[in-house]
Amino acid sequence: MDYINAIILLLNFTILPALTYGSQLALGAIFVTLIYGILRFANFATGDMMSFGTMFAVLLTYYFQSIGLSLGFLPTALLTIPIAIFMMIFYMLIIDKFVFSYYRIKKSPPVQLAMVSVGVMFVTQAIIRIIIGPSDRRFLDGEKFILKATEFKQMTGLNEGLTIKSTQIITIVVTIVVVSIMFWFLNKTKTGTSMRAYSDNEDLALLSGIDPKKVVLITWIIAGILATIGGVLYGLDKSYRPFVYFNNMLPIFAAAIVGGIGNPYGAFLGGYVIAFAEIFLTYAYKKFFGYILPETLEPNSLVQLLSTDYKFAISFSILVIVLLFRPSGIFEGKKI
Amino acid sequence: MRNYANVIAAYSVMLILIILVGIFQSWSIALSILNYCLISAVMTIGANIQWGYAGLINFGIMGYTALGGLAVVLVSVAPVPEAWSVGGLNLLICLFLIFSMVISIRIIIKKYKLLKNKYSIIAGIIILGIILIRFISAPAIEAIEAIDPAKTGFLGGLGLPVLFSWIVGGLFAAGVAFVIGKIALGLRADYLAIATLLIAEIIVSIIKHEDWLSRGVKNVIGLKRPAPYEIDLQNSEWFINLVEKFNSSKLNLVNSVSDYQDILKQLVIDASSVYVKLCFTGLFLIVVIALLILTQRALYSPWGRKMRAIRDNEISAAAMGKNIVKEHLLIFVLGSAIVGLAGAMMVTNDGLFTPGSYRPMRYTFVIWVMVIVGGTGNNFGAILGGFVVWFLWVQAAPISLFLINLFTAHLPETNDLKVHLINSAPYFRFLIIGIGLLFIMRYRPQGILPEKIVKN
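What to know about the overall build of chain A
Point 1. The secondary structure content of chain A amounts to 13 helices and two strands.
Point 2. Relative to the globule expectation of 20 Å for 336 residues, the C-alpha radius of gyration of chain A, 21 Å, shows essentially globular dimensions.
Point 3. C-alpha extents for chain A along the principal axes are approximately 70 × 55 × 35 Å.
Point 4. Out of the 336 residues belonging to chain A, those deemed buried represent 45%.
Point 5. Taking all contacts inside chain A whose residues are at least 6 apart in sequence as the whole, residues at least 24 apart take part in 74%.

Structure follows, in structure tokens:
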């Protein structure tokens, strides 16, 4: 019985949150890695682009709520995602047309493109703050919990409760669906194959008649879908605050590089690596050991490896270690 | 002289702008903008050494700035003897432990290269060390933070003069940059950018959360100053006489004695804040000019030519026998040290250390915009960039408020759009800076004052 309690405890406080957070990071990391692989620059506007898409979802949610449109027990935000994605792609294409395409055609070095993306970051942040302001917003409605701790305790008679938030299940399910469609697209369709070819060797791809404009367009469309969905899922699970989204860029970058930048599978797994490391290393195991160890051995301290203040620092340390020992990432990305 | 015509013109425009602020807003505001411009200029000199001379992209400026600020606290604040007596010994033991960990790992890496399970031994040392350190430091940290947490709750500093901390700030940043450079400099440019950005975030989060060291987010206020305090000036005879002399024509028009006293008092209060800021301006100007002379000499020395050669073509420079790794590390450390110095100057100017305020937007990206807008590889350009961008950063809100009012003049005061725009006026600074950066990158990628190669 104690062992089951211990497992439920871990499931409730580490595994479920880590899976959720990991899914959100994974979507962002695939976004970073696609831009890096195909357009060949580190996009420092990542976090703010995710924030931009989410902003529309938030505003539309408020609008739909005011006219009484809802999805019942599901959050209204899910209904707004398609429109938000459309706006996001529209914005990205405008930015690409007026900013990035010039440097791409000129074949500028990646560093220059990265600096340009810093400019885009400033502009995007300004637009977001001017439209919606910097404050914290919650836009989750519908059913909050699928399973409450007290219900679970009554059902099973265990000491530990298991809480499943609806946002956790929505995040995981939506991520699996989106990512599997994307991988199917990249691997099985002709356009997807041409994108991978373009990413591997631009000159050869052009030689075999792949239209670079089309590849860039599709890349931005996929990027827009991933950025918006990732952003909305994060916002539903926590809350929407522009500054937090900007900061999220950092673990997302870490996930993309850990997974091997330019490699979408790596980025997907990298998101979970970062999330699990952050949560497992900062969780206080006192109660867990209380269940599995005999009473005489029970620990007095919290048995916490690192305080939660250093959550971000963990992902960055992993990144530094990976860069030192396997610079191309755990799952082999582009060569540095 | 002719070569410097555009430099002189650009700086004159900047000076006129600041004087205009002095005339139309107030001299106190103008001087505080000027002081921050000078601090930004020091930061841009540091970033320009790395990016302009050697082509190294360092997005970790925030981290070095924070380290410089930490140096001011650790050097100039008076020590807290109670804290030292309860926890000082344990923390010194921990310091010694960290030191011996680093040395033993170095020995293993250098001497036992062929050992098979080298990495597992290193990992073992690190894990064992962390557990030991936590075990020793936890009670000490708790005890230190319990001592009068509203006022101290930390070890305090050394109680030395604050100017000394500027040098220490530079040394701190240099030391950390050396370690980071050893780790990260082998990476390709954009990876280096990301890695330094993340490492800076780690540095700031350590400063933010280790309360025993820096008081963390509880901030350290009332730091020492290299300039007199306003309140002392207001009470000193010579200063009041000076103000009276300066404003004698204005004061002579006043008839009644009580009015005269009131006006004089107000003038003394205004003048004291201007005087203090002038003292800082003088100090900062000395630093900026000294750095400018040094960097200018370095740029046109054989060493500067070598750096440019490495920047423009690494492979051929390596073929000529230049040690690229060593030179990159040197320039990384030098640039970071200057940024650390700027961080210390900034905290001294503010008189308070607020770890919570170190954010990558303000302390990394804005500095980068300064370097790129001003002109990479040109010291005068970098300094000018610091001035221009900081001026815009501060004055963007009033300018955009003016523009909003101009364009929405036909709308009534209660119009929702107008109210919303006026409330979000502070955020237009991001828009102005961002669009400015994009335009410069597109139409004048070499910056306002481009790099000049002097051939002799």
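What about the overall build of chain B?
Point 1. A tally of regular secondary structure across chain B gives 19 helices and zero strands.
Point 2. Dimensions along the principal axes, computed over C-alpha positions, put chain B at roughly 90 × 60 × 50 Å.
Point 3. Residue burial in chain B is summarised as follows: out of 456 residues, 39% are buried.
Point 4. Within chain B, counting contacts between residues at least 6 apart in sequence, those at least 24 apart form 83% of the total.

Some remarks on the nonpolar core
Where a protein is soluble and globular, its nonpolar side chains tend to be buried together.
Point 1. Membership of the largest hydrophobic core comes to 206 residues, with the highest contact counts inside it found for Ala254(A), Ala255(A), Ile257(A), Val42(B), Leu198(B), Val369(B) and Leu437(B).
Point 2. Sorting elements by how many residues they give to this core places helix 2 (residues 27–54) of chain B first, with 17 residues.
Point 3. With residues near it in sequence (within four places) discarded, Ile257(A) still touches Leu319(A), Val322(A), Leu323(A), Gly329(A) and Ile194(B).
Point 4. Residues Cys94(B), Ile141(B), Ile144(B) and Phe154(B) belong to the second largest nonpolar core, which totals 10 residues.

Section: the domain arrangement of chain B
Residues and elements named next belong to chain B.
Point 1. According to the domain assignment, chain B contains domain 1 (2–79 + 156–443) and domain 2 (80–151).
Point 2. Relative to domain 2, the C-alpha centre of domain 1 lies at a distance of 35 Å.
Point 3. Contact residues are listed per partner, giving four residues for domain 1 and seven residues for domain 2.
Point 4. Residues that form the side of domain 1 that touches domain 2 fall into these classes: two nonpolar, one polar and one charged.

Focus: the packing of helix 6 (residues 166–188) of chain A against helix 9 (residues 212–237) of chain A
The geometry of a pair of packed helices is captured by two quantities: the angle between their axes and the separation between those axes.
All names here are of chain A.
Point 1. For the pair helix 6 and helix 9, the least separation of the axes is 10 Å and the interaxial angle reads 170°. With respect to each other, helix 6 and helix 9 are oriented roughly antiparallel. Contact residues: helix 6 offers Thr-167, Ile-170, Thr-171, Val-174, Val-178 and Met-182, while helix 9 offers Ile-222, Ile-229, Leu-233, Leu-236 and Asp-237.
Point 2. Classifying every residue of the contact of helix 6 with helix 9 gives eight nonpolar, two polar and one charged.

Things to note about helix 19 (residues 428–443) of chain B
Each α-helix turn comprises 3.6 residues. Residues three or four places apart therefore point the same way.
Point 1. Here helix 19 of chain B is 16 residues long and its end C-alpha atoms lie 22 Å apart, about the 22 Å a rise of 1.5 Å per residue gives.
Point 2. Along helix 19 of chain B, the positions that sit buried rather than exposed are Phe428(B), Arg429(B), Phe430(B), Ile432(B), Ile433(B), Gly434(B), Leu437(B), Leu438(B), Ile440(B) and Met441(B).
Point 3. Packing partners of the buried residues in helix 19 of chain B comprise helix 3 (77–106) and helix 4 (110–132) of chain A together with helix 16 (360–374) and helix 17 (379–407) of chain B.

A short note on unusual backbone geometry
Point 1. Positive phi outside glycine occurs at Arg40(A), with the angle close to 65°.
Point 2. Turning to its location among the elements, Arg40(A) is positioned in the loop between helix 1 (2–39) and helix 2 (46–66).
Point 3. Residue Arg40(A) is classed as partly exposed on the basis of its C-beta count, with 18 C-beta atoms lying within 10 Å.
Point 4. Phi is positive for Asn219(B), which is not a glycine, with a value near 65°.
Point 5. Accessibility expressed as a C-beta count within 10 Å gives 14 for Asn219(B), which makes it partly exposed.

Observations concerning the interface of chain B and chain A
Point 1. With 32 residues of chain B at the interface, the matching set in chain A holds 33 residues.
Point 2. Those elements that place two or more of their residues in the side of chain B that touches chain A are helix 7 (189–209), helix 16 and helix 19 of chain B.
Point 3. At 13 residues, the largest contribution of residues to the side of chain B that touches chain A is made by helix 7 of chain B.
Point 4. Residue composition of the side of chain B that touches chain A, grouped by class: 24 nonpolar, four polar and four charged.

Describing helix 11 (residues 264–282) of chain A
Point 1. For helix 11 of chain A, which comprises 19 residues, the first-to-last C-alpha distance of 28 Å matches the rise-based estimate of 27 Å (1.5 Å per residue) to within 8%.
Point 2. The inward-facing, buried residues of helix 11 of chain A contact helix 1, helix 6, helix 10 (242–258) and helix 13 (311–325) of chain A.

Topic: the packing of helix 1 of chain A against helix 11 of chain A
Residues and elements named next belong to chain A.
Point 1. For the pair helix 1 and helix 11, the least separation of the axes is 7 Å and the interaxial angle reads 145°. Here helix 1 runs over helix 11; the crossing is right-handed. Residues Thr-14, Pro-17, Ala-18, Tyr-21, Gly-22, Leu-25, Ala-26, Ala-29, Ile-30, Val-32, Thr-33 and Leu-34 of helix 1 touch helix 11, and the partners they reach there are Pro-264, Ala-267, Phe-268, Gly-270, Gly-271, Tyr-272, Ile-274, Ala-275, Phe-276, Ile-279 and Phe-280.
Point 2. The class makeup of the residues in the contact of helix 1 with helix 11 is 18 nonpolar, five polar and no charged.

Remarks on the environment of Ile252(A)
All names here are of chain A.
Point 1. Mapped onto the secondary structure, Ile-252 falls in helix 10.
Point 2. Note on Ile-252: 30 C-beta atoms within 10 Å, which makes it buried.
Point 3. For the pair Ile-252 and Asp-211, spaced 41 residues apart in the sequence, the C-alpha separation amounts to 30 Å.

Thoughts on the confidence of the model for chain B
All names here are of chain B.
Point 1. Here chain B averages 87 in pLDDT, and 99% of its residues register 70 or above.
Point 2. Per-element confidence in chain B ranges from a low mean pLDDT of 77 for helix 11 (residues 248–252) to a high of 94 for helix 15 (residues 324–350).
Point 3. Across the assembled chains, the prediction reports ipTM 0.89 with pTM 0.90.

Observations concerning the environment of Gly157(A)
Point 1. For Gly157(A), the location among the structural elements is in the loop between helix 5 (149–156) and strand 2 (164–165).
Point 2. Put simply, Gly157(A) and Tyr21(A) are 136 residues apart on the chain and 29 Å apart in space, counted from C-alpha to C-alpha.

Focus on the environment of Ser166(A)
Residues and elements named next belong to chain A.
Point 1. The residue Ser-166 is located in helix 6 in this model.
Point 2. Residue class for Ser-166 comes out partly exposed when judged on the 19 C-beta atoms lying within 10 Å of it.
Point 3. Residues contacting Ser-166, with those up to four places away along its chain left out, are Glu-143, Lys-144, Phe-145 and Ile-146.

Cut-offs and rules
- Residues numbered from 1 in each chain as written.
- Chains lettered and ligands numbered in written order.
- Predicted model: local features only at pLDDT ≥ 70, side-chain atom pairs only at ≥ 80, totals over all residues.
- Helix = DSSP H or I, 4+ residues; strand = E, 2+ residues; numbered from the N terminus.
- Rg over C-alpha atoms; globule rule 2.2 N^0.38 Å.
- Buried ≥ 20, exposed ≤ 12 C-beta atoms within 10 Å, placed from the backbone.
- Contact = placed C-beta atoms within 7 Å.
- Core = buried A, V, L, I, M, F, W, Y, C linked by C-beta atoms within 7 Å.
- Domains from an automatic or database assignment.
- Nonpolar A, V, L, I, M, F, W, Y, C, P; charged D, E, K, R; others polar.
- Axes fitted to C-alpha atoms, helices over the stretch in contact; angles between N-to-C directions.
- Parallel < 35°, antiparallel > 145°, perpendicular 65-115°, else oblique.
- Expected span 1.5 Å × (residues − 1).
- Left-handed = near helix turned anticlockwise from the far one by under 90°.
- pLDDT = per-residue confidence, 0-100.

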